[in-house]
Amino acid sequence: MAAQGGILFQEKVSRLLSGHNGKPVLKPNRTLALKDEVANRKLKKGEATCITEMSVLMACWKQNNFVDGLCSSEMSSFYSCVEKAQAAMKGRSEQSGLQGGRLHPKQATTLLKRYPNLRKEI
C-alpha cells in the first residue's frame, strides 16, 4: 500500500514537471531530493514557572527594604516551587529523549548522515 502511494506521488510530480500547454507548471529552483542534514535550531525552552511566587517575594522585599528575615515564608514558597518545577522537568526529560515528539536536530543529522538519501532527482 505504501509503495502504491509512492508511485502515485511520483506520477503526480512528473505530471506537474511535464509541460501543460507548452509550459511547465512547477519549476523547481533546487533538486527535488532531501538533504542529509537538518537546520541546527535551538529547541524552545518552554514557559517560565513560579512567576507568581517570584513576584510575591519581590513585592515583600520591596515593602520590607530587602530584609530577608521578614520574607522567609515567601522565600520558602518560591524555593519549593522551583524544586517542584526542576523535578518535573527532570522527570519529563528522563521519560522521553524526544522533545515534543521530535528528535533533537543533532540526533536527526547524525541519523540522516548514517543513512544518506539517494542524490537523484525524481
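Residues numbered from 1 in each chain as written. Predicted model: local features only at pLDDT ≥ 70, side-chain atom pairs only at ≥ 80, totals over all residues. Heavy atoms only, no water.

If you check an unreviewed UniProt entry, the protein chain appears there as Coiled-coil-helix-coiled-coil-helix domain containing 1 from Cyclopterus lumpus.

### A word on the overall build of the protein chain
Quick reminder of the rule: Helix and strand assignments follow DSSP, with helices taken as H or I runs no shorter than four residues and strands as E runs no shorter than two, numbered in order from the N terminus. The cut-offs for exposure are 20% and 50% of the maximum accessible area for each residue type, with area from a 1.4 Å probe on protein chains only; residues under the lower value are buried, those over the upper are exposed, and the others partly exposed. The contact definition used throughout considers only heavy atoms, calling two residues in contact when any of these lie within 4.5 Å. Method for areas: the Shrake-Rupley scheme with a 1.4 Å probe, in which residue coverage is limited to the protein chains shown.
Looking only at helices and strands, one finds four helices and two strands in the protein chain. Walking the protein chain from its N terminus toward its C terminus, one meets helices and strands in the order α-β-β-α-α-α. Among the 122 residues that make up the protein chain, the fraction classed as buried is 11%. Of all intrachain contacts in the protein chain linking residues separated by at least 6 positions in sequence, the fraction that spans at least 24 positions is 61%. Just so you have it, the protein chain exposes about 10900 Å², and 57% of that area is on carbon and sulfur atoms.

### What to know about unusual backbone geometry
Even without a glycine there, the phi angle at Asn65 is positive, about 55°. For Asn65, the location among the structural elements is in the loop between helix 2 (51–63) and helix 3 (72–95). In this structure, Phe66 is a non-glycine residue whose phi angle is positive, near 60°. Along the polypeptide, Phe66 turns up in the loop between helix 2 and helix 3. Owing to a relative accessible area of 60%, Phe66 belongs among the exposed residues under this scheme.

### A short note on the nonpolar core
To keep it simple, the criterion reads: To qualify as a nonpolar core, a set must consist of buried Ala, Val, Leu, Ile, Met, Phe, Trp, Tyr and Cys residues joined through side-chain atoms within 4.5 Å.
Core analysis: the biggest nonpolar cluster contains seven residues, these being Cys50, Leu57, Cys60, Cys71, Met75, Phe78 and Cys81. Among the elements of the structure, helix 2 and helix 3 are those that each provide at least two residues to this core. Looking at which element gives the most residues to this core, the answer is helix 3, with three residues. In contact with Phe78, other than residues within four places in its own chain, are Cys50, Glu53, Met54 and Leu57.

### Considerations on the state of the cysteines
Such a bond, covalent and formed between the sulfur atoms of two cysteines, is termed a disulfide. Selection criterion: For the purposes of this analysis, a disulfide is any pair of cysteine sulfur atoms at a distance within 2.5 Å.
Applying the stated criterion to the full structure yields two disulfides. In this model Cys50 forms its disulfide with Cys81; the gap between the sulfur atoms is 2.0 Å. A torsion of -95° about the S-S bond marks the disulfide between Cys50 and Cys81 as left-handed. Separated by 31 residues along the polypeptide, Cys50 in the loop between strand 2 (23–24) and helix 2 and Cys81 in helix 3 bring together distant segments of the chain. Each member of the pair Cys50 and Cys81 is classed as buried. Disulfide partner of Cys60: Cys71, at an S-S distance of 2.0 Å. With the S-S dihedral at roughly -95°, the linkage between Cys60 and Cys71 falls on the left-handed side. Taken together, the positions of Cys60 in helix 2 and Cys71 in the loop between helix 2 and helix 3 put the pair 11 residues apart, joining distant regions of the chain. The buried category is assigned to Cys71, whose relative accessible area is 0%.

### Some details on the UniProt feature "domain: CHCH" (unreviewed entry) in the protein chain
Note the cut-off: UniProt positions are given in the numbering used here, feature names are shortened, and annotations may be inferred rather than shown by experiment.
The residues that UniProt annotates with the feature "domain: CHCH" (unreviewed entry) are residues 50–84. A distance of 10 Å separates the end C-alpha atoms of residues 50–84, which is 74% helix and 0% strand.

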